[in-house]
Amino acid sequence: MKVSRSEVNAFRLHAHHLTDRVEQHRLLDVVGASGIQNSPPGSALLSLHARAQGVSQELVDKRVGDDKNLLQSWCMRGSPFFFPTRDAPVFTTGVLPPTEETMRQFIRGASPSVDELELSLTEVVELTRAEIGTVLTGRRLAIDELGAAIAERVADTLPTKKRRLWNQEGPHAAGQPLGEAIVHFCIRILTLQGVVCLAPREDNAAPFVLVEEWLGTPIPDVDPETARAELLRRYLHCYGPSTKADFAKWLGVRAGDAEPWWGLVEDELTPINFGRKTWMLTDDVDALQTSPPMQGLRLLPPRDPYTQLRDRETIVDKKFHKTVWKPVGDPGTVLSDGAIIGTWRPRKNGNKFRLVVAPFDRLTARVKEDIEHEAKKITALRGATDLTLDFEP
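Let me sum up the structure you'll find in this document. (Residues numbered from 1 in each chain as written. Predicted model: local features only at pLDDT ≥ 70, side-chain atom pairs only at ≥ 80, totals over all residues. Heavy atoms only, no water.)

## Thoughts on the overall build of the protein
Step number 1: Counting secondary structure elements, the protein contains 18 helices and 12 strands.
Step number 2: Relative to the globule expectation of 21 Å for 393 residues, the C-alpha radius of gyration of the protein, 22 Å, shows essentially globular dimensions.
Step number 3: In terms of its C-alpha atoms, the protein occupies a principal-axis envelope of roughly 70 × 55 × 40 Å.
Step number 4: Within the protein, buried positions represent 54% of all 393 residues. (Helix = DSSP H or I, 4+ residues; strand = E, 2+ residues; numbered from the N terminus. Rg over C-alpha atoms; globule rule 2.2 N^0.38 Å. Buried < 20%, exposed > 50% of the residue type's maximum accessible area, 1.4 Å probe, protein only.)

## A few points about the nonpolar core
As a rule of thumb, soluble globular proteins bury nonpolar side chains together.
Step number 1: Met 76, Leu 146, Trp 166, Val 196, Leu 231, Phe 247 and Leu 251 are the most contacted members of the largest nonpolar core, which has 118 residues in total.
Step number 2: Sequence-distant contacts of Leu 251, that is, excluding residues within four places in its chain, are made with Met 76, Arg 77, Val 95, Phe 106, Leu 231 and Trp 261.
Step number 3: Of all hydrophobic cores here, the second largest spans eight residues; its members include Val 8, Ile 272, Phe 274 and Leu 288. (Core = buried A, V, L, I, M, F, W, Y, C linked by side-chain atoms within 4.5 Å. Contact = heavy atoms within 4.5 Å.)

## With respect to the pattern of salt bridges
Step number 1: In total, this model carries 26 salt bridges according to the counting rule given.
Step number 2: Between Arg 21 and Glu 374 there is a salt bridge, with the nearest N and O atoms lying 3.0 Å from each other. Of this pair, Arg 21 sits in the loop between α1 (5-15) and α2 (27-32) while Glu 374 is found in helix α18 (residues 365-381), placing the two residues 353 residues apart along the sequence. The exposure classification of Arg 21 matches that of Glu 374, with both residues buried.
Step number 3: In this structure, Arg 276 engages Asp 246 in a salt bridge whose closest nitrogen and oxygen atoms are separated by 2.6 Å. Here the residue Arg 276 occupies a position in the loop between β6 (269-273) and β7 (277-281), and Asp 246 occupies one in helix α14 (residues 244-251), the gap between them amounting to 30 residues.
Step number 4: In this structure Arg 276 comes out as partly exposed when scored by relative accessible area, which is 34%.
Step number 5: Connected through salt bridges with shared partners, the residues Arg 26, Asp 29, Arg 86, Asp 87, Glu 230, Arg 233, Arg 234 and Glu 268 form a single ionic network. (Salt bridge = Lys/Arg side-chain N within 4 Å of Asp/Glu carboxyl O.)

## Observations concerning unusual backbone geometry
Step number 1: For the peptide bond that leads from Ser 39 to Pro 40, omega is 0°, which places it in the cis range.
Step number 2: The omega torsion of the bond from Gly 240 to Pro 241 falls at -5°, within 30 degrees of zero and hence cis.
Step number 3: Looking at where Pro 241 falls in the secondary structure, it is placed in the loop between α13 (224-239) and α14.
Step number 4: A positive phi is found at Lys 68, a non-glycine position, where the angle reads about 60°.
Step number 5: Tracing the backbone shows Lys 68 in the loop between α4 (57-66) and β2 (70-74).
Step number 6: A positive phi angle is found at Asp 203, which is not glycine, with a value near 50°.
Step number 7: Position of Asp 203 among the secondary structure elements: in the loop between β4 (196-198) and β5 (208-210).

## Some thoughts on α4
Step number 1: By the burial criterion, the buried members of α4 are Leu 59, Val 60, Arg 63 and Val 64. Along the axis of α4, the buried positions cluster into a sector of 125°, meaning they face one direction only. Within α4, the exposed residues directed more than 90 degrees away from the buried face are Glu 58 and Asp 66.
Step number 2: Of the surrounding elements, those touching the buried residues of α4 are α2, α3 (43-49), β2, β3 (80-84) and α12 (211-215).
Step number 3: After α4 finishes, the residue Lys 68 shows a positive phi value of roughly 60°. (Arc of directions from axis to C-beta.)

## Considering the pairing of β2
Step number 1: Burial analysis of β2 places five of its five residues in the buried class, which makes it a mostly covered element.
Step number 2: Burial along β2 is two-sided: Leu 70, Gln 72 and Trp 74 facing one way and Leu 71 and Ser 73 facing the other are all buried.
Step number 3: If you look at the hairpin formed by β2 and β3, you'll find five residues sitting between the two strands, and Arg 77 has a positive phi there, around 60°. (Pairing = 2+ DSSP bridges.)

## Focus: the layout of surface pockets
Step number 1: Empty space within the largest pocket amounts to approximately 360 Å³.
Step number 2: Taken together, 21 residues form the lining of the largest pocket, with Trp 74, Ile 143, Arg 188, Ala 206 and Phe 208 sitting closest to its centre.
Step number 3: Elements that contribute at least two residues to the lining of the largest pocket include exactly β2 and α11 (178-192).
Step number 4: Examining the composition of the lining of the largest pocket, we find that four residues originate from one element, α11, more than from any other.
Step number 5: Of the residues belonging to the lining of the largest pocket, the class tally is 11 nonpolar, eight polar and two charged. (1 Å grid on protein atoms, 1.4 Å probe; cavity = no way out; pocket = protein on both sides within 12 Å on 5 of 7 lines; lining within 4 Å. Points joined across faces, edges and corners; volume = space filled by probe spheres on them. Nonpolar A, V, L, I, M, F, W, Y, C, P; charged D, E, K, R; others polar.)

## A look at the side chain of His 49
Step number 1: Along the chain, the position of His 49 falls in helix α3.
Step number 2: Judged by its relative accessible area of 9%, His 49 is buried.
Step number 3: If we skip the residues at most four places from it in the chain, His 49 touches Arg 21, Val 55, Glu 374, Lys 377, Ile 378 and Leu 381.

## Regarding the sheet that holds strand β11 (residues 352-359)
Step number 1: Ordered in space as β8-β9-β10-β11-β12, the five strands form an open sheet in which the pairing is mixed. Sheet topology places β8 (297-300) and β12 (386-391) at the edges, where each strand pairs with a single neighbour. Neighbour-to-neighbour, the strand axes of this sheet turn through a mean angle of 25°, independent of strand direction.
Step number 2: Of the strand pairs in this sheet, strand β9 (residues 332-336) and strand β10 (residues 339-349) are connected by five bridges, and their pairing is antiparallel. For Gly 332, the partnering residue across the bridge sits in β10 and is Trp 344.
Step number 3: The sheet contacts of α18 involve β8, β9, β10, β11 and β12, and relative to β12 the element is tilted by about 145°. (Axes fitted to C-alpha atoms, helices over the stretch in contact; angles between N-to-C directions.)

Below, the structure written as structure tokens:
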């Protein structure tokens, strides 16, 4: 089966809830599609605004802090994501690497330090897990304070030689002990084990809390294969047709390490010719050919779920890739009638909000009006009242 770029883009935009903004009561469906990344901080709010009606910071805070039906934790690629609490097993157990080798790939940079201690990564994760309850019970701690406190307690359990290495300065940050850096890596795994999650931001940092204390109940124990299969289904529903290698990049592992996920749903897939051999859920094949085109405009934030696809040339001409996707400091993107037509960057100073748009080509008067309309909404979302909108030549 051969499909066109326009068909694929229409299908993906619809799956990402970008064809039309959904009603507010469907917010959890939006978040649960493939998770909503929240780095840089605040980007998730803009991603939700692009997909649902009536989104505000107060609404998100209520869903997370009061209703507890929205959860934030480190997830795919070790990044902070929002996902529905009801779907927590999918975005924790479903993401958790099943082997020591895959776990090392997921948290790249940990291996040399762990090897220096002559311990396995699994062993240091268990050492961290054994102490985190004592340190975090009844408290909310940012990563630096949490890491230092756990590292100090773990050090007391180690033999003399390992303790000396644990306490010496490591290669990860100036003045940071090796053991503290290792604990930071291990906490990424503990989030996927459902031990800790992130509470709403305080003093410009998102503190960690114990999941069972935060929710009043542990995350349900779901068979890992069931969770991994569901995660892959959600990926393919939003990013299909796709490949095993592209899924691995989205997840945060090597292509060769994706089989424990991919192999679970192979009998649910249909091959698709999309310039190369790709795959999608058989249940989605009809929708691939019938999804309506998107109309209207959205200002997507940096690292919006839609722009996290791995076959980037399907939505942005290759000559603009380095403009849209940067090693550090990605801009937002302007999505108009289903096409990404430029980038945007914000700057907030008190009540003043400046938004600079850099189009890929000349903009029509209608598109400029649409951008201004969306920019005013984002200004309010960011707690500002005075908008300055500039267009780069």
